[in-house]
Every structure is written in structure tokens, then in C-alpha cells.
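Structural overview
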Amino acid sequence: MAPADIPDELRTRQQSVRAFAQVVQRVEPVAERECAARTRNVNCDFTILVDDRPGAPPNAFQTLDDDGRPVIVFTQALIDDARNSDELAFVMGHEAAHHVRGHIARQRENAAAGAVIFGGLASAIGGDPEAAQRIGAQVGARTYSKEFELEADALGTVLTARAGYAPVRGSQFFNRNPD
């Protein structure tokens, strides 16, 4: 069956919510085991949340809470847009992989380096160092974003497969929703 021919197995909100709960039960422990095996001194106890605000666009992201615990947030719109459990699992694996690969810390380091470089250049040529630091931080934070996404896709594929889902089938979500 070609990817475009994959049927929409999750037709109702109830089916999507049930599938999401099952995906969390299967993917979260795999992500936590892989995180513990691949990292040192990193909190691998994931929290999975759903943002059910009306009007929130389809999205998922990984962040850290105030105690450094990894948090993966899905919007209800993303859950509703998924066609099957494999897609939900792939998105969850991808977001968990961002944490395992240390992307938030690496992004912060890149932002700090960009701010220092741009601020120094502005000072040297008589420009506004504060404005240059803000721009430098933005440039630095985005420097490796494509690389980070590819790293998360690669490890997310492993996590998805180890949880018993089909990563190639799951990755079709990103073909329909490239953002």
C-alpha cells in the first residue's frame, strides 16, 4: 500500500483519544529507557500533556518543567489530525528524541554564542550591542534547527519501532503537516 493510500483509521475524537492513550502507554517507557541508556545525569521521567485549548493549531513540542523534567505537549488538534496510531507514535518518538539528544541545552548554547559574537561585532563597528545581541541570539538559536530535526527524526524512528509501531507509516504525518 502506498503512503497516500493509508486509510484514516482514527475517524472520531473518541478513537483518537483512545489511540493517543495507548501510544503514550507504549512509547513513553521506551523513550525513558532509551534516554537512560544514552545519557548521563539527565532526567528521563517524561510527562506527556495535551493542550486542549480551542483554536490551538496542530502542534507537538518538547520542553522542560521548572525542575528539569522533560515534558512533551500535544495539541488536541494534532491528535485529531493523526490518521493512525503510528503517526501519533512517530510524533511522540520525535519529540522524546529532542530531549534525549539534548537539543534544548544545545540551542541555548548556540543562542548565547550568537549573542556574544554579534554583540562583539556591533561594539567593534560602533553599532548597538544590545540590539546585535538579541539578533545574534535568534540567529544562534536557529543555527542547527534543521540538524536537530533530522537527529530527532532518526532517533524518533528507533523509538517508534522499539515501541512496536511502524515509523515509515508514522512519518507520513509530516508529509501532510510539514510544519
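In this report, we go over the structure that sits alongside the text. (Residues numbered from 1 in each chain as written. Predicted model: local features only at pLDDT ≥ 70, side-chain atom pairs only at ≥ 80, totals over all residues. Heavy atoms only, no water.)

**Brief notes about the state of the cysteines**
Evaluated as defined, the whole model comprises 1 disulfide. A disulfide bridge connects Cys35 with Cys44, and the sulfur atoms are separated by 2.1 Å. Taking the sign of the torsion about the S-S bond as the criterion, the disulfide between Cys35 and Cys44, at about -70°, is left-handed. (Disulfide = S-S within 2.5 Å.)

**Observations regarding the nonpolar core**
Counting residues in each nonpolar core, the largest one holds 31 residues, and the members touching the most others are Phe20, Phe74, Leu88 and Met92. When residues of this core are traced back to their parent elements, those giving at least two are helix 1 (13-38), strand 3 (70-75), helix 2 (76-81), helix 3 (85-100) and helix 6 (145-162). Per-element tally for this core: the top contributor is helix 1, with 8 residues. Those residues in contact with Met92 that lie beyond four places of it in its chain are Phe20, Val23, Val24, Val27, Glu28, Ile48, Ile72 and Phe74. (Core = buried A, V, L, I, M, F, W, Y, C linked by side-chain atoms within 4.5 Å. Buried < 20%, exposed > 50% of the residue type's maximum accessible area, 1.4 Å probe, protein only. Helix = DSSP H or I, 4+ residues; strand = E, 2+ residues; numbered from the N terminus. Contact = heavy atoms within 4.5 Å.)

**Quick notes on the sheet that holds strand 3**
Taken in spatial order, the 3 strands line up as 1-3-2 in an open sheet, and their pairing is mixed. Unpaired on one side and paired on the other, strand 1 (47-51) and strand 2 (60-64) mark the two borders of the sheet. If you compare each strand with its neighbour and ignore which way they point, the axes differ by 25° on average. Direction of pairing for strand 2 relative to strand 3: antiparallel, over a ladder of 5 bridges. (Pairing = 2+ DSSP bridges. Axes fitted to C-alpha atoms, helices over the stretch in contact; angles between N-to-C directions.)

**Overview of the packing of helix 1 against helix 6**
Direction vectors running N to C along helix 1 and helix 6 enclose 130°, while the axes themselves pass 9 Å from each other. Our classification of the angle between helix 1 and helix 6 gives oblique. For the element pair helix 1 and helix 6, the recorded crossing hand is right-handed. Here Val30, Ala31, Glu34 and Arg38 of helix 1 lie close against helix 6, whose contacting residues are Leu155, Val158, Leu159 and Arg162. (Parallel < 35°, antiparallel > 145°, perpendicular 65-115°, else oblique. Left-handed = near helix turned anticlockwise from the far one by under 90°.)

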